[in-house]
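# Close look at the chain arrangement
Below, each chain spelled out in residue letters.
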Amino acid sequence: MATQTSCAAYGIRAGTLPSGPLGKISDVPGVTVGHCTIDTAAHKTGVTVLLPCADNPFTNKLPAASYVLNGFGKTAGLVQIDELGTLETPIALTNTLNVGLVHDAMVEYMLRRCEEDGVSLRSVNPVVAECNDGGLNDIAHRAVRAEHVFAAIDAAAADFALGDVGAGKGMVCHDLKGGIGSASRVVELDGTFYTVGVLVLANHGCLRDLRIGGRVVGGEIAAEIARRAEAGQSGKAPQAQQCGEMLRAGPSVSCNLFSAGPSGGTLPVGQPGVPLSAEPTADLGSCIVILATDLPLSSRQLGRVLRRAPVGLARLGSYIGHGSGEVFLGFSTANRVPHESAHAVLAGTYLHEGKIDAVFRAAAEATEEAVLSAMLCADTVTGFDGSTKHSLREFAGVFCET
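Let me sum up the structure you'll find in this document.

### Considerations on the overall build of the chain
- Along the chain, the regular secondary structure elements total 8 helices and 17 strands.
- Across the 402 residues of the chain, 59% fall into the buried class.
- Across the chain, contacts joining residues at least 24 apart in sequence account for 81% of those joining residues at least 6 apart.
- Carbon and sulfur atoms make up 53% of the accessible area of the chain, which amounts to about 15200 Å² in all.

### Remarks on the sheet that holds strand S6 (residues 127-131)
- In spatial order, the strands read S1-S2-S5-S6; together these 4 strands make up an open sheet with mixed pairing. Unpaired on one side and paired on the other, strand S1 (32-39) and S6 mark the two borders of the sheet. Sheet twist, expressed as the average angle between the axes of neighbouring strands with direction ignored, equals 15°.
- Direction of pairing for strand S5 (residues 91-95) relative to S6: parallel, over a ladder of 5 bridges. Counterpart to Leu-93 in the pairing with S6 is Ala-129.

### Quick notes on the pattern of salt bridges
- A complete count under the given rule lists 18 salt bridges for this structure.
- Across the pair Asp-159 and Lys-24 runs a salt bridge whose closest N-O atoms are separated by 2.8 Å. Taken together, the residues span a long stretch of sequence, with Asp-159 in the loop between helix H3 (146-154) and strand S7 (172-173) and Lys-24 in the segment before S1 at a distance of 135 residues.
- Take Asp-159: its relative accessible area is 55%, and that puts it in the exposed class.
- Taking the shortest distance from any N to any O, the salt bridge between Asp-379 and Arg-393 comes out at 2.7 Å. Taken together, the residues span a long stretch of sequence, with Asp-379 in the loop between helix H8 (357-377) and strand S16 (381-382) and Arg-393 in the segment after strand S17 (388-389) at a distance of 14 residues.
- Residue Asp-379 is classed as buried on the basis of its relative accessible area, which comes to 17%.
- Three or more residues are tied together by salt bridges with common partners; here these are Asp-39, Lys-44, Asp-164 and Lys-169.

Each value, and the rule that gives it
- Residues numbered from 1 in each chain as written.
- Predicted model: local features only at pLDDT ≥ 70, side-chain atom pairs only at ≥ 80, totals over all residues.
- Heavy atoms only, no water.
- Helix = DSSP H or I, 4+ residues; strand = E, 2+ residues; numbered from the N terminus.
- Buried < 20%, exposed > 50% of the residue type's maximum accessible area, 1.4 Å probe, protein only.
- Contact = heavy atoms within 4.5 Å.
- Areas by Shrake-Rupley, 256 points an atom, 1.4 Å probe, with all protein chains shown as cover.
- Pairing = 2+ DSSP bridges.
- Axes fitted to C-alpha atoms, helices over the stretch in contact; angles between N-to-C directions.
- Salt bridge = Lys/Arg side-chain N within 4 Å of Asp/Glu carboxyl O.

As structure tokens, then:
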């Protein structure tokens, strides 16, 4: 079970804009997220499904856009979104080799949903995005099935789990444990408050580049890993251990991961006997970013906002390597588009372009915090081949103020 906490619980803050009440993408009204996690000796994987609205998205489509920064990915559904500018199904996240199976399940779900609503469905555009969890999961056996997709949909809620859950179970971020993360930002425009929410499937980056609050901390974590390995994983500095225990205790902790210097010694480890390595790795693996908002944005404007989300990844140290697939999807819950053209002639009114800077900032801040939340909420996981990816929380003592 992933730890249920937040960046705010550890004093971590990305940017200056306020968060919504949950600090998740579901702060956008109508958005819910569900997971189904497969956690066995061989399989560390699953599926996560985001429902963009409570009603049928096929009958009342949502303005949408996509942006591919580095296309080393296998996402399904982007072509029609780019052409028509609308989203008409939930968005599913899973591992690379399960895209086809999940896509088929999403078609079945939409067929059932439209039949229940008395809507004729002859074509549909499911959106399925992926990251490769083959480092921890025996991916070739394609464990995710239709029943897992349906279970994730049934489990969808506003207050959903973060970390190594659902599609995030086997993901790795900056060589530490990655997974599902989320954050939100609230912007005020002419006296009206709007929400920008982000959900990430974080499986990218390398440790040496990791930054928190503008400070390169990956090297200090790598040095700590090397010290553990040299000490046979048994050495513990009381100060570091105490801080680590405090952080795991929850929101009452006084700790600042942004500005504190390293403490000496080594931290307790989660998996005795598992070798650790501080060897540098390539920036690969992929990151999927889903952005939702209740702002009245057009598809074109959503595309502009999405192109600012990579700022959040860059702030954490990712340079978007050759082997990484950075795919961004965005939608608005305003200005819904009826499936039948007889029901609408005009698409509605949209945000004035001169007001969009605040939305750009919200996208960047929420993306940065969402990735951090994925890493902080994920527990340490040992994969099918015995390799272990450790939670960022295990190294909190390295940066904890005394």
